[in-house]
Amino acid sequence: RLSRRFGEVNLVRAGTCLMAAGLLTLAAVSSPNWTFILLPLALLGVGQGICSPSLNSLLSRRTPAHMQGIALGVGQSTSALARVLGPLLGGFAFARGPSQPFWLGGLLMLAASAVAFFRLTRPPEAASSVEGA
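Note that the coordinates shown come from a computational prediction; the quantities given were computed from them, not determined experimentally.

Chemist: Describe the overall build of the protein, naming the residues involved and giving the relevant values.
Modeler: A tally of helices and strands in the protein yields 6 helices and 0 strands. Listed by position from the N terminus, the elements making up the protein come as α-α-α-α-α-α. Projected onto its principal axes, the C-alpha positions of the protein cover 45 × 30 × 25 Å. In the protein, buried positions account for 29% of the 133 residues. Sequence separation of 24 or more characterises 70% of the internal contacts of the protein that already satisfy a separation of 6 or more.

Chemist: Tell me about a nonpolar patch on the surface, and please be specific about residues and values.
Modeler: A cluster of nonpolar side chains, Leu-81, Val-84, Leu-85, Leu-88 and Phe-92, forms an exposed patch at the surface whose accessible area comes to about 510 Å². Mapped onto the secondary structure, Leu-85 falls in helix H4 (residues 68-94).

Chemist: Explain the environment of Pro-98 to me, and be specific about the residues and the numbers.
Modeler: Inspection of the secondary structure assignment puts Pro-98 in the loop between H4 and helix H5 (100-118). Note: C-alpha distance between Pro-98 and Phe-6 (92 residues apart in sequence) is 37 Å.

Chemist: Pulling in residues and values, what's your account of the nonpolar core?
Modeler: With 13 residues, the main nonpolar core has Val-12, Met-19, Leu-44, Leu-58, Met-109 and Leu-120 as its most contacted residues. With 6 residues, the top contributor of residues to this core is helix H2 (residues 8-28).

Chemist: Can you tell me about H4, naming the residues and giving the values?
Modeler: For H4, which comprises 27 residues, the first-to-last C-alpha distance of 38 Å matches the rise-based estimate of 39 Å (1.5 Å per residue) to within 8%. Taken residue by residue, H4 has Ala-71, Gly-90 and Ala-93 as its buried positions. Where H4 is buried, its residues touch helix H3 (34-61) and H5.

Chemist: So what about the pattern of salt bridges? Which residues, and what values?
Modeler: According to the stated counting rule, one finds 1 salt bridge in the structure shown. As a salt-bridge pair, Arg-61 and Glu-8 come within 2.5 Å of each other at their nearest N and O atoms. Taken together, the residues span a long stretch of sequence, with Arg-61 in helix H3 and Glu-8 in helix H2 at a distance of 53 residues. Using a relative accessible area of 32% as the deciding quantity, one classes Arg-61 as partly exposed.

Chemist: Which residues make up the environment of Ala-114, and what are the values?
Modeler: Here Ala-114 shows up in helix H5. Classification of Ala-114 as partly exposed rests on a relative accessible area of 33%. Sequence separation between Ala-114 and Cys-17 is 97 residues, and the spatial gap between their C-alpha atoms is 9.1 Å.

Chemist: I'd like a rundown of the confidence of the model for the protein, residues and numbers included.
Modeler: Taken residue by residue, the protein gives an average pLDDT of 87. The fraction at 70 or more is 91%. Per-residue pLDDT stays below 50 along residues 126-133; that stretch engages in 7 contacts with residues further than four places along the chain or on separate chains.

Basis of the calculations
- Residues numbered from 1 in each chain as written.
- Predicted model: local features only at pLDDT ≥ 70, side-chain atom pairs only at ≥ 80, totals over all residues.
- Heavy atoms only, no water.
- Helix = DSSP H or I, 4+ residues; strand = E, 2+ residues; numbered from the N terminus.
- Buried < 20%, exposed > 50% of the residue type's maximum accessible area, 1.4 Å probe, protein only.
- Contact = heavy atoms within 4.5 Å.
- Patch = residues over 30% accessible without salt bridge, like charges linked within 9 Å, V, L, I, M, F, W, Y side chains within 5 Å.
- Areas by Shrake-Rupley, 256 points an atom, 1.4 Å probe, with all protein chains shown as cover.
- Salt bridge = Lys/Arg side-chain N within 4 Å of Asp/Glu carboxyl O.
- Core = buried A, V, L, I, M, F, W, Y, C linked by side-chain atoms within 4.5 Å.
- Expected span 1.5 Å × (residues − 1).
- pLDDT = per-residue confidence, 0-100.

The structure is reproduced here in structure tokens:
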């Protein structure tokens, strides 16, 4: 429902921004109080929830039909690689301080947001359907 209303590109942009905000807010939290931790975690969850399906949708829609299996497989492989490298980088960052992994993740998500805003464009069929709605 969200993709029909806002379009996948806008959801990717919003999702990356929400994840960046969640990570940077977690990094800034100095108190282990649950009240201050739940909001950033909610931002992370909502951001991931709207970004990941939208990225998969964009990947499949922008790939020719005969190449979709390969493209989606590469997308999943890239995601798996990130799940391996992320904790490794996070461990090195944690050695510098307990909030450092969140700062690093937040900055990386800001970079992803910049890419989503400045390099990701709406597919022609989605642009006309969203603007006409």
